[in-house]
Amino acid sequence: MGRVFLGSIATETNTFSPLRTDLQDFKDSFYAPPGQHPETPTLCSAIYPVARARAAQYGWQLVEGTATWAEPGGIVNQQTWEYLRDQLLTELRAAMPVDIVLLGLHGAMVAQGCLDCEGELIAAVREIVGPGVIIGATFDPHSHLSEKRVENADLITVFKEFPHTDFVDVAEALVDLTHRMEIGDITPDISTFDCRMIEVLPTSREPMRGFVDRIKALEGKDDILSISVIHGFMAGDVPDLGSKIVVVTNAARGKGDALADRLGRELFALRGTTRPEFLRPEDALDRAVAAARHPVVIADVWDNPGGGVPGDSTIILRELMAREVQNTALASIWDPIAVRTCISAGVGAELRLRFGAKMSADGGDPIDADVTVRNVVRNAVQSFGTSVVPLGDSVWIEVGGIDIILNTVRSQVFNPDIFTNLGIDPTTKTLLVVKSTNHFHDAFSRISSDILYAAVDGPYPNDPATNDYKHLTRAIWPRVDNPHEVLTE
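As the structure is a computational prediction, the values presented were derived from the model and not from experiment.

Remarks on empty space enclosed by the protein
Item 1. All told, the structure shown has one cavity of 30 Å³ or more when counted by the stated rule.
Item 2. Surrounding the largest cavity, D303, P310, D312, S313, S360, D362, G363 and P459 form its lining.
Item 3. Across the lining of the largest cavity, the residue classes break down as two nonpolar, three polar and three charged.

Examining helix α10 (residues 315-323)
Item 1. Within α10 the residues assigned to the buried category are I316, L317 and L320. Relative to the axis of α10, the buried residues are bounded by an arc of 100 degrees and lie together on one face.
Item 2. Once α10 ends, the next one or two residues include E324, with phi positive near 55 degrees.

Concerning the packing of aromatic side chains
Aromatic ring pairs are described here by two measures, namely the spacing of the ring centres and the angle between the planes.
Item 1. Counting across every chain of the model gives twelve aromatic pairs.
Item 2. The lysine or arginine in question, K27, covers the ring of Y31, its NZ or CZ lying 5.5 Å from the ring centre.
Item 3. Seen from the ring of W334, R410 lies directly overhead, with NZ or CZ sitting 5.8 Å from the centre.

Details of unusual backbone geometry
Item 1. With an omega dihedral of 10 degrees, the bond running from E206 to P207 counts as a cis peptide bond.
Item 2. Checked against the element boundaries, P207 lands in the loop between β7 (188-194) and α7 (208-218).
Item 3. Between H294 and P295 the backbone carries a cis peptide bond, its omega angle lying at 0 degrees.
Item 4. Tracing the sequence through the fold places P295 in the loop between α9 (281-290) and β11 (296-300).
Item 5. Although it is not a glycine, D222 sits at a positive phi angle of roughly 50 degrees.
Item 6. Residue E324 is not a glycine yet carries a positive backbone phi of 55 degrees.
Item 7. Structurally, E324 can be placed in the loop between α10 and β12 (328-334).
Item 8. The exposure class of E324 is exposed, given its relative accessible area of 61%.

Some words on the sheet that holds strand β3 (residues 60-69)
Item 1. Strand order in the open sheet made by the six strands is β2-β3-β1-β4-β5-β6, with mixed pairing throughout. Strands at the two margins of the open sheet, each flanked by one partner only, are β2 (30-32) and β6 (155-158). Strand-to-strand twist of the sheet, defined as the mean angle between neighbouring strand axes without regard to direction, takes the value 15 degrees.
Item 2. Two strands pair when backbone bridges link them, and strand β4 (residues 100-105) and strand β5 (residues 134-139) are joined in this way by five bridges, in the parallel orientation. What sits directly across from G104, in β5, is T138.
Item 3. Strands β1 (2-10), β3, β4 and β5 of the sheet are contacted by helix α2 (residues 47-58), whose axis makes an angle of about 180 degrees with β3.

Conventions adopted
Residues numbered from 1 in each chain as written. Predicted model: local features only at pLDDT ≥ 70, side-chain atom pairs only at ≥ 80, totals over all residues. Heavy atoms only, no water. 1 Å grid on protein atoms, 1.4 Å probe; cavity = no way out; pocket = protein on both sides within 12 Å on 5 of 7 lines; lining within 4 Å. Points joined across faces, edges and corners; volume = space filled by probe spheres on them. Nonpolar A, V, L, I, M, F, W, Y, C, P; charged D, E, K, R; others polar. Buried < 20%, exposed > 50% of the residue type's maximum accessible area, 1.4 Å probe, protein only. Helix = DSSP H or I, 4+ residues; strand = E, 2+ residues; numbered from the N terminus. Arc of directions from axis to C-beta. Phe/Tyr/Trp six-rings, centres within 6.5 Å; stacked < 30°, edge-to-face > 60°. Lys NZ or Arg CZ within 6 Å of the ring centre and 35° of its normal. Pairing = 2+ DSSP bridges. Axes fitted to C-alpha atoms, helices over the stretch in contact; angles between N-to-C directions. Contact = heavy atoms within 4.5 Å.

From the geometry alone we can't say anything about function, so treat these as descriptive.
Listed below in structure tokens is the structure:
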């Protein structure tokens, strides 16, 4: 019977964010001590329910370490990182001897004193368990793939979809490949290719839809076990920033290297064509209001808490108020102080409230308005697939015909139930504004007549050509027109 240790530490760090991340942020979002992971998966800890489901079939004895996730934010407090790292390593040492270690990671975590938290963690795990133990890890594609991670892991699988609708599938793939390695059915080799680019790569549209479908079709044939795309995370100032291809073969390193090279150059050729049309807010609103069918969804793509920004921008809301747009709902504005005030006032209260735009000069100005408190929900949540995402205590306020959700635990918008859970029927609205880049797309496409993307410069470092990177020294597009030519000079 194989003895399998599970662990998960995950967050996505925007190194430009005015926020900072500490232990309380992890506990507010998701924190499960050993043995207390829920049956439902989270984005980065799906290995827990998947391994539980496979344990009897594979003859595994599971030892569960802590699983924790913090909503994307700013640089992680060094003491917090060291506490979480050392806690997991202590749990691993207590579980020894083990045959397998499975880690649910994000891949873009940066602490005050560590630019490659996941690489440091995997290397420390390898030092504890030695060379004969299988180490497998799942990553979010918006991550940074370092050589330290590849050198110390035997298996790496990455979410293929953006929005990440396949995070459970990817955990299942890792668990199944790990079992095959354990019984000697496969001998994995990991090949990588540095695309030397950074771009927004949504798979909900072409050309990325076709690219991902092609790599899926290659898996399971000709010794190709798994293919993944690291998109990269442009708001993380680290040396390994950028897109990379990961090919795992069955003892066929040469074939894997060649395929990674070919796919990486194909992806590089798609640069500049993958992101959706980003509109000025004014133009997005003009289109939405003039639409023949409703609701129309407008994504406030750069004030997305999933990218580590506060999510308290008021810029698009001010435009809605200036136009007196009616029958509109917006989710959400992060403002714990305003939420607390509204809870104190009570449902039905009318009051003068200042809310939003508290964390930086890039989020616009606070709103001062007469509001009505329509509903209060303690410990509100929304869905992301089968995962439950906390919003904390939240309120629905109305301002001049606009319904607004204020929340206390930062989260991007994933699902229309962020509205229905607060008592708002999104299907009856003319316009829905959501703070998210693309994770909302799958669920909202089922209820909307159109989806528009509005780009407000400021909250998020969205131009990698001019972002003030300090640690990125490699030539990458769009900072360099053809970085592969630079590489060969």
